[in-house]
Amino acid sequence: MSATSSAPSTTRIALRGDLLDFTGDPAWGEVDAADVRWRPDHWLLIESGRITGVQADAPPAGWERHDHRGRLILPGFIDTHVHMPQLDMIASYGTELLDWLNTYTFPAEIRFADPERSQAGAALFLGALLANGTTSAVVFPTAHKVSADALFAGAQQRGMRIVTGKVLQDRHSPDGLRDDVVQAERDCIDLIQRWHGRDRLAYAVTVRFAPTSTPEQLAMAGALCASDATLYMQTHVAENRDEVQWVRELFPEARSYLDVYTRAGLMHRRSVLAHGVWLDDDDRATLRETGAHIAHSPSSNLFLGSGLFDWRAAVNSGAAVSLASDVGGGTSLSMIRTMGDAYKVQAMGGQRLTAWKALHAATLGAAQALQLEHEIGALEPGRVADLAIWDWAVEPVGHRRMEVARSLHEKAFAWMTLADDRNLVETWVAGVARHRRPTA
Ligand SMILES: [Zn+2]
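Residues numbered from 1 in each chain as written. Predicted model: local features only at pLDDT ≥ 70, side-chain atom pairs only at ≥ 80, totals over all residues. Heavy atoms only, no water.

### Here we look at the pattern of salt bridges
For the record, the criterion: For salt bridges, the criterion is a side-chain nitrogen of Lys or Arg within 4 Å of an Asp or Glu carboxyl oxygen. Strands are runs of DSSP state E lasting at least 2 residues, helices are runs of H or I lasting at least 4, and numbering of each runs from the N terminus. Buried means the residue's accessible area, taken with a 1.4 Å probe over protein chains only, is under 20% of the maximum for its type, while exposed means over 50%, and partly exposed covers the values in between.
For the structure on display, the rule yields 32 salt bridges. As a salt-bridge pair, Glu375 and Arg200 come within 2.9 Å of each other at their nearest N and O atoms. With Glu375 in the loop between helix H13 (364–369) and strand S14 (387–390) and Arg200 in the loop between helix H4 (181–195) and strand S9 (201–207), the pair connects residues that are 175 residues apart, well separated along the chain. According to the relative accessible area criterion, Glu375 is buried, its value standing at 7%. According to the relative accessible area criterion, Arg200 is buried, its value standing at 12%. By sharing partners, the salt bridges in this structure join Arg16, Asp41, Asp67 and Arg69 into a single network.

Right, dumping it as structure tokens:
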């Protein structure tokens, strides 16, 4: 696909298919949730890149028609935590978090000091998101300003909704990746002025995680957040037990790992915290009170042996949860694989994650947690036309499973568990088809 035009199409476009999205947050464990909006064989109307209507009848002459009847149309997925420079070391063998960072991650990220590597990496990454039906993401580049620049520019070119920011890490990091407080602040301010609020881009104050920032750098990050309430903040928290213990040693004054961020002024309505596997009730109460939310990364948590996230406890405490691939800790950019892994993590904890809860967390739930529900996350007039068109099944086992499925939830759950990128027909961003399934 061409990635050179960012102008939304002015054509009047009508897409026909089975529209599935959400009007609210489905209750835990409820397979007949009223918040599920199912509009089979409907037409989605798009003008100038935005959804302008949904109707059962075919549109009049003058509309460019795309007939995908019998296919599933979902809002574009929102991946709330993923690392652009980690495609070089995805699927690396044999380590847990802290060794994994030193052995694989940091050496891969150092290469992004090179602007050409950053541009090529951003192009590969954004193309791979679209090839998985993901149209929006909250992304870590590297500590290098050029990597954030490359990611913002690549997203702008494709018209995508991307939240990112230069990674802050001024200690416990190798040469070539370590920044310092003064230069890092300067870089952040430059990048904010250049990109924040431009087109569909937003800046996130990006703290790698507590151990790799000095208290001075954390305070600088908190001051940046305090200076502009429209900025996002992203970091990692309580992913792995050794990491939690290390944070306890580094910040003895803090009540908990999460409390390190609270004390630095980093917990607010636009804070996205990856993992949160090892939180307690007080931490969850802080999430609810501040409006910060957890980007649950089940594939990564399983792959690195980090632990089993207690989604039910988060729901009970009123803390919001979105879903994230966390590549390269996670092993796939597919949000379908991520949802399947999320189900398995909950099953290990004796809980049952419905397809509705998972799909909501990857669409409308993430949009709301990011305060972007006016723009993304639903097939609703006024929203930007970010969507993906999927085949319900592409091979004999999937076809047979769909044939015998009795209820909508059974069908959606089997799809969520069995489908992959072969099922993806097209990905649209702001009313433009940016990815089409390769033809054999
Ligand atoms: Zn991560």
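### Observations concerning the pairing of strand S4 (residues 64–75)
Heads up, the condition is: At least two bridges found by DSSP between two strands is the condition for calling them paired.
Both strand S1 (residues 12–22) and S4 contribute to a ladder of 6 bridges, which runs parallel. Considered in S4, the bridge of Ala14 is made with Arg65.

### Some remarks on empty space enclosed by the protein
We apply this condition: With a 1 Å grid spanning the protein atoms alone, the term cavity applies to any set of points in which a 1.4 Å probe fits but cannot get out, the term pocket to an open set with protein on both sides within 12 Å along at least five of seven lines, and the term lining residue to any residue with an atom within 4 Å of a point. Grid points are joined across faces, edges and corners, and a volume is the space filled by probe spheres set on the points. Note that Gly is not counted as nonpolar here; it falls among the polar residues with everything else outside the nonpolar set of Ala, Val, Leu, Ile, Met, Phe, Trp, Tyr, Cys and Pro and the charged set of Asp, Glu, Lys and Arg.
Inspection of every chain in the model, using the stated rule, returns 4 cavities of 30 Å³ or more. Take the lining of the largest cavity: its biggest share by element is 3 residues, from helix H1 (residues 97–110). Split by residue class, the lining of the largest cavity holds 5 nonpolar, 5 polar and 4 charged. Computed from the structure, the second largest cavity encloses a volume of approximately 60 Å³. Forming the walls of the second largest cavity are Trp392, Ala393, Val394, Glu395, Gly398, Met402, Ala414, Trp415, Leu418, Ala419, Arg422 and Asn423. A per-element tally of the lining of the second largest cavity places helix H15 (residues 408–418) first, with 3 residues. For the lining of the second largest cavity, the per-class residue count stands at 8 nonpolar, 2 polar and 2 charged.

### Topic: the coordination of the zinc ion
The test is simple: Any nitrogen, oxygen or sulfur atom within 2.8 Å of a metal ion counts as a donor, with the limit raised to 3.2 Å for Na, K and Ca, and since water is left out, coordination shells can look unfinished. The rule is simple: four donors are tetrahedral if all their angles sit between 85 and 135 degrees, four are square planar and six octahedral if opposite donors span more than 155 degrees and the others lie between 65 and 115, and anything that fits none of that is irregular.
Donor atoms from the polypeptide that coordinate the zinc ion comprise His81 (NE2), His83 (NE2), His236 (NE2) and Asp326 (OD), at 2.0 to 2.2 Å from the metal. Relative to the metal, the 4 donor atoms surrounding the zinc ion lie at angles of 89 to 168°, and the coordination shape comes out irregular. In primary-sequence terms, the residues that donate to the zinc ion follow H-x1-H-x152-H-x89-D. Taken as a pair, His83 in strand S5 (residues 77–83) and Asp326 in the loop between strand S13 (321–323) and helix H11 (335–348) lie far apart in primary sequence, 243 residues in all. Look at Asp326 and you get buried, because its relative accessible area is 4%.

### Looking at the confidence of the model for the protein
Note the following rule: Per-residue confidence from the predictor is reported as pLDDT, which spans 0 to 100. Should any heavy atoms of two residues lie within 4.5 Å, those residues are counted as being in contact.
When pLDDT is averaged along the protein, the result is 96; 98% of the residues meet or exceed 70. Confidence over residues 1–6 falls short of pLDDT 50; this stretch has 15 contacts with residues more than four positions distant or in other chains.

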